[in-house]
Amino acid sequence: MKRIFTAIVLLISTQIIAQQKAWPEELITVPVKSNYQKTSTYAEVMSFISALEKKSDLLHLEYMGTSKEGKKIPMVILANPKITTPAEAKASGKPVLYIQGNIHSGEVEGKEIVQQIMRDILLGDKKHLLDNQILIFAPIYNTDSNDKMKQGRRPSQEDSPVEVGIRSNSQGLDLNRDGIKMEAFETAGLIQNVLLKWDPEMLVDLHTTNGTWHGYGITYAPSYHYAGEKAPYDYTWDVLFPEVDKKDR
Ligand SMILES: [Zn+2]
């Protein structure tokens, strides 16, 4: 069994090395370039998006709003053929999925994987993911706090980059506790320019676990809002997650 495991690990490592060699410098993410010691700054995320934009005609860049400190919050719409308006999305008949990273900007892994998956869909071997859906990615939802990096912010997280940003936004608000009161600049942008405008079927919010230990590398949870409708909750829990789980094995 151990031998099989080692073989799989080796295979994965070989693939990662092969992939690294295949991508030009500007399309290799910061953690990969730094042997997972560093995470990307706001400017580095923006230049990664602009490198993708130069090489692909299936990408449309918009901003859902501007943070308190004046950073525009990017959202990248991936569709084949390219789509630039919600009306075009609706007319295509394809469902829209919205995926965001970095709501807590100490939890940087979602931000990095979103950049990588956008690259692999647009320029790598995952273009088929645009066959029947439109994907909107917001890699860096909490823009301001991402760049306030410091060492030792995630002491209970295994393999955290050396320096990461802080959890709250620059108004001192936890963006994952702002869905009802909507006081944050980011929440206003998300509601106005993503949810109401693009009307996604599903919202995926990426976090990193800190301080608790699980038997799994990746965990998930449905929306726990008790005033929400039961049917989407049941569908997520009873149909969607078991299917994801099955495909992940
Ligand atoms: Zn979180």
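Residues numbered from 1 in each chain as written. Predicted model: local features only at pLDDT ≥ 70, side-chain atom pairs only at ≥ 80, totals over all residues.

Trainee: Can you walk me through the overall build of the protein chain in this structure?
Mentor: Along its length, the protein chain carries eight helices and seven strands. Here the C-alpha radius of gyration of the protein chain, 18 Å, is about what a compact globule of 249 residues would show, namely 18 Å. Long-range pairs, those at least 24 residues apart, make up 67% of the contacts in the protein chain with a sequence separation of at least 6. (Helix = DSSP H or I, 4+ residues; strand = E, 2+ residues; numbered from the N terminus. Rg over C-alpha atoms; globule rule 2.2 N^0.38 Å. Contact = placed C-beta atoms within 7 Å.)

Trainee: Which parts of the structure should I look at to understand the sheet that holds strand 7 (residues 202-205)?
Mentor: Pairing between the strands of a sheet is mediated by backbone hydrogen bonds and can be parallel or antiparallel. Pairing is mixed across the open sheet formed by five strands, whose spatial order is 1-2-4-3-7. Looking along the sheet, the strands with just one partner apiece sit at the ends: strand 1 (59-66) and strand 7. When the angles between neighbouring strand axes are averaged without regard to direction, this sheet yields 20°. The strands touched by helix 5 (residues 109-123) within the sheet are strand 1, strand 2 (72-78), strand 3 (96-100) and strand 4 (134-138), with strand 2 carrying the most contacts at an inclination of about 30°. Here helix 7 (residues 185-198) sits on the sheet and contacts strand 1, strand 2, strand 3 and strand 4; the angle it forms with strand 1, its principal contact strand, is near 135°. (Pairing = 2+ DSSP bridges. Axes fitted to C-alpha atoms, helices over the stretch in contact; angles between N-to-C directions.)

Trainee: Teacher, can you tell me more about helix 8 (residues 230-248) here?
Mentor: Structural remark: α-helix, 3.6 residues per turn; residues separated by three or four positions point the same way. Along its 19 residues, helix 8 runs 26 Å from first to last C-alpha, staying within 8% of the 27 Å computed at 1.5 Å per residue. Within helix 8, only zero of the 19 residues are buried, leaving the element largely exposed. (Expected span 1.5 Å × (residues − 1). Buried ≥ 20, exposed ≤ 12 C-beta atoms within 10 Å, placed from the backbone.)

Trainee: What is the right way to read unusual backbone geometry from this model?
Mentor: Note on backbone geometry: most residues besides glycine have negative phi, and most peptide bonds are trans. Along the chain, N80 connects to P81 via a cis peptide bond; the corresponding omega equals 0°. Positioned with a positive phi, N35 is a non-glycine residue whose angle comes to about 55°. Tracing the backbone through its elements, the reader meets N35 in the loop between helix 2 (30-33) and helix 3 (42-55). Phi at M182 is positive, roughly 50°, even though this residue is not glycine. Given 12 C-beta atoms within 10 Å, M182 falls into the exposed group.

Trainee: In this structure, what is going on with helix 5? I would like to understand it.
Mentor: For helix 5, with 15 residues, the first-to-last C-alpha span of 21 Å sits near the 21 Å given by 1.5 Å per residue. At its buried positions, helix 5 is contacted by helix 2, helix 3, strand 1, strand 2, strand 3 and strand 4.

Trainee: What's the story with the nonpolar core in this structure? I'm lost.
Mentor: In summary, soluble globular proteins display a tendency toward joint burial of nonpolar side chains. Within the largest apolar cluster, 35 residues are counted, with the highest numbers of intra-cluster contacts made by I77, L78, M118, I134, I136 and F137. For this core, the secondary-structure elements that each account for two or more residues are helix 3, strand 2, strand 3, helix 5, strand 4 and helix 7. Apart from residues no more than four positions distant in its own chain, F137 is found in contact with V76, L78, I99, V114 and M118. (Core = buried A, V, L, I, M, F, W, Y, C linked by C-beta atoms within 7 Å.)

Trainee: Help me understand the pairing of strand 1 in this model?
Mentor: Direction of pairing for strand 1 relative to strand 2: antiparallel, over a ladder of seven bridges. In the strand pairing of strand 2, H60 is matched with I77. Remark: five residues form the turn of the hairpin made by strand 1 and strand 2, two consecutive strands paired antiparallel; G70 in that turn has positive phi of roughly 90°.

Trainee: Just checking my understanding: could you explain the pairing of strand 4 for this structure?
Mentor: Taken residue by residue, a regular strand's side chains alternate between the two faces of the sheet. Extensive coverage of strand 4 is indicated by the burial of five of its five residues. By the alternation rule, side chains of strand 4 split into I134, I136 and A138 and L135 and F137, which are all buried. Strand direction decides the pairing type here: strand 3 and strand 4, joined by five bridges, are parallel. The residue of strand 4 that forms the bridge with Y98 is I136. On the question of chirality, the crossover connecting strand 3 to the parallel strand 4 by way of helix 5 is right-handed. (Right-handed = clockwise from strand over helix to strand, strands pointing away.)

Trainee: Help me understand the packing of helix 3 against helix 5 in this model?
Mentor: To characterise two packed helices, one gives the angle between the axes of the helices and the distance between these axes. Contact geometry of helix 3 with helix 5 gives a least axis separation of 10 Å together with a crossing angle of 5°. Here helix 5 runs roughly parallel to helix 3, going by the angle between their axes. Here helix 3 contributes V45, F48, L52 and K55 to the contact with helix 5, which in turn contributes K111, Q115, M118, R119, L122 and L123. Looking at the contact of helix 3 with helix 5 residue by residue, the classes come out as six nonpolar, one polar and three charged. (Parallel < 35°, antiparallel > 145°, perpendicular 65-115°, else oblique. Nonpolar A, V, L, I, M, F, W, Y, C, P; charged D, E, K, R; others polar.)

Trainee: So what exactly am I meant to see when it comes to the environment of P200 here?
Mentor: Relative to the helices and strands, P200 resides in the loop between helix 7 and strand 7. With 113 residues separating them along the chain, P200 and A87 place their C-alpha atoms 13 Å apart. Not counting residues up to four positions away in its chain, the partners in contact with P200 are V96, L97, Y98, I136 and L195.

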